[in-house]
Amino acid sequence: MNEHTLECCVWELTLRCNLRCLHCGASAGRARPNELGPAEVLRVAGELAALPAREVTLMGGELFLRPDWLDVAGRLRQGGVQLVVFTNATLITPERVAQLRELEPRSIGTSIDGGAPEVHDAIRGMPGAFARTWQAIGTLQEAGLRVAVITTLTRRNLYELPAIAGLLRGRDIRWQIQVASAGGERLPRSELLNPLEFYFAALLIARLRASHSWEFLPVIGAHDMGYCSTRLPFLGMPGESWVGCSAGRSVLGIRSDGAVLPCLSLPETEIVGSLRRHALRRLWRGPALEAWRRSAGRRGFCAQCPHGEICGGGCSSVAMSASGRRGDNPLCLYRIEQNA
């Protein structure tokens, strides 16, 4: 029996959403036809607490469109689970702010994908989304809640990073920059970053970190912004280093219909089971995830890479999006430098 610790679970409570984001990997909009019912989600919350899961990120779709989201969050907190709440922040109300304060989440995550309203709103598919999100960020911070912002890069907003940095400087908002991957129905593959554009994004992040203190602009590249560069510093959390993809090792994803994946960013071909048919503990500690706890089987450039034993081919979701397979990741800083 495996004794891997479940550090983080990302749980999509509903696929319903009031926005139509271009890069959404799940193409959120309408609810899935067979989403877990109220009794089922409370059972799963209890299983997460009992495992135990150290932290659960609740998201959608849009989390607040699920009427029983607070019951689920409360059940997790009662079980001692730390929470992160992810929302597009357009549905924040005084009542929800009060509810969030009671839950004491580690942070409230939201997205800013452009430094100007027209860019953000076009990507998010709703006029006025930028203004409503920024107003909500201020409201949440005034209530003493920690806010984090995520920017997802495509060719549409790659050059927006300096403008977004201008908005976030000195605001005590942690900023995570990540890249969009294939999977959704709204973003053509032609809008995904190519390796040189990816490297340019990494250069921008490195420059922002070099020119600003962590306290003034706490910016990081996400788990997909690496790896092992000979020229750029590590772009993740200060003091840490890349040790390989955590999908299925310390991270788990749960869809709104109970399907379980090693990471919620992976395509549905990687579903390892359903919480309607199996107990969470059985899936987590049983054989379903064994393949994800072994080496990905490095291929192509990654098979001969001197950093391969530790890196393992980088983020599995990005590798599968860019090359069609795990263990072969064209969006790697070291690989781009060598090929240049």
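Above: the structure in question.
Residues numbered from 1 in each chain as written. Predicted model: local features only at pLDDT ≥ 70, side-chain atom pairs only at ≥ 80, totals over all residues. Heavy atoms only, no water.

Engineer: How would you explain the sheet that holds strand S3 (residues 82-86) if you had to name every residue and give the values?
Structural biologist: Sheets are built from strands that pair by backbone hydrogen bonding, the pairs being arranged parallel or antiparallel. Strands sit in the order S7-S6-S5-S4-S3-S2-S1-S8-S9-S10 across an open sheet of 10 strands; the sheet is mixed. Edge strands, defined here as strands with exactly one partner in the open sheet, are strand S7 (219-221) and strand S10 (273-274). In terms of strand pairing, strand S9 (residues 259-261) meets S10 through 2 bridges, oriented antiparallel. Residue pairing across strands places Val-260 opposite Gly-273, the latter belonging to S10. (Pairing = 2+ DSSP bridges. Helix = DSSP H or I, 4+ residues; strand = E, 2+ residues; numbered from the N terminus.)

Engineer: Please set out the packing of aromatic side chains residue by residue, giving values where relevant.
Structural biologist: Scanning all chains against the criterion turns up 5 aromatic pairs. Ring geometry for Phe-64 against Trp-69: centres 4.9 Å apart, planes inclined by 70 degrees, an arrangement best described as edge-to-face. The buried category is assigned to Phe-64, whose relative accessible area is 5%. With 4.5 Å between their ring centres and 45 degrees between their planes, Tyr-227 and Trp-242 make a pair best called tilted. Residue Tyr-227 is located in the loop between S7 and strand S8 (251-254), and its partner Trp-242 is located in the loop between S7 and S8; the two are separated by 15 residues in the primary sequence. Trp-242 carries the same exposure label as Tyr-227, and that label is buried. If you follow Arg-293 out to its NZ or CZ, it ends over the ring of Trp-284, 4.4 Å from the centre. (Phe/Tyr/Trp six-rings, centres within 6.5 Å; stacked < 30°, edge-to-face > 60°. Buried < 20%, exposed > 50% of the residue type's maximum accessible area, 1.4 Å probe, protein only. Lys NZ or Arg CZ within 6 Å of the ring centre and 35° of its normal.)

Engineer: Describe a nonpolar patch on the surface, with residues and values.
Structural biologist: On the surface, Tyr-159, Phe-200 and Leu-203 cluster together into a nonpolar patch covering about 300 Å² of accessible area. Counting through the fold element by element, Phe-200 comes out in helix H7 (residues 195-211). By relative accessible area, Phe-200 is classed as partly exposed at 31%. (Patch = residues over 30% accessible without salt bridge, like charges linked within 9 Å, V, L, I, M, F, W, Y side chains within 5 Å. Areas by Shrake-Rupley, 256 points an atom, 1.4 Å probe, with all protein chains shown as cover. Salt bridge = Lys/Arg side-chain N within 4 Å of Asp/Glu carboxyl O.)

Engineer: Provide a residue-level description of the environment of Cys-302, including the pertinent values.
Structural biologist: Within the secondary structure, Cys-302 is located in helix H10 (residues 301-304). Separated by 238 residues in sequence, Cys-302 and Phe-64 have C-alpha atoms that sit 41 Å apart. Other than its neighbours up to four places away in sequence, Cys-302 contacts Gly-313, Gly-327, Asp-328, Asn-329 and Arg-335. (Contact = heavy atoms within 4.5 Å.)

Engineer: Go over the side chain of Glu-191, please, and point to the residues and values.
Structural biologist: With respect to the helices, strands and loops of the structure, Glu-191 is situated in the loop between strand S6 (174-179) and H7. Classification of Glu-191 by relative accessible area gives buried; the value is 14%. Residues contacting Glu-191, with those up to four places away along its chain left out, are Thr-154, Arg-155 and Arg-156.

Engineer: Just give me the short version of the pairing of strand S5 (residues 147-153), but keep the residues and values in it.
Structural biologist: Among the 7 residues that make up S5, 7 are buried, leaving the element largely enclosed by the rest of the structure. A two-sided burial pattern is seen for S5, the buried positions comprising Val-147, Val-149, Thr-151 and Leu-153 on one face and Ala-148, Ile-150 and Thr-152 on the other. Bridge count between strand S4 (residues 107-111) and S5: 4 bridges; the pairing is parallel. Bridge assignment links Thr-110 to a residue of S5, and that residue is Val-149. Taken together, the 6 bridges between S5 and S6 define a ladder with parallel strand orientation. The residue of S6 that forms the bridge with Ala-148 is Arg-174.

Engineer: Go over H7, please, and point to the residues and values.
Structural biologist: Along its 17 residues, H7 runs 24 Å from first to last C-alpha, staying within 8% of the 24 Å computed at 1.5 Å per residue. Buried residues along H7 sit against S5, helix H6 (161-168), S6, S7 and helix H13 (333-339). (Expected span 1.5 Å × (residues − 1).)

Engineer: Describe in detail the pairing of strand S2 (residues 53-59), supporting the description with residues and values.
Structural biologist: The buried fraction of S2 is high, at 5 of 7 residues. Across 6 bridges, strand S1 (residues 6-12) lies against S2 in parallel orientation. Across the sheet, Cys-9 pairs through a bridge with Val-56, a residue of S2. Remark: the S1/helix H1 (residues 38-50)/S2 crossover connection has right-handed handedness. Sheet topology places S2 next to S3; 4 bridges connect them, and they run parallel. Each residue of the ladder has a partner; that of Leu-58, found in S3, is Val-85. (Right-handed = clockwise from strand over helix to strand, strands pointing away.)

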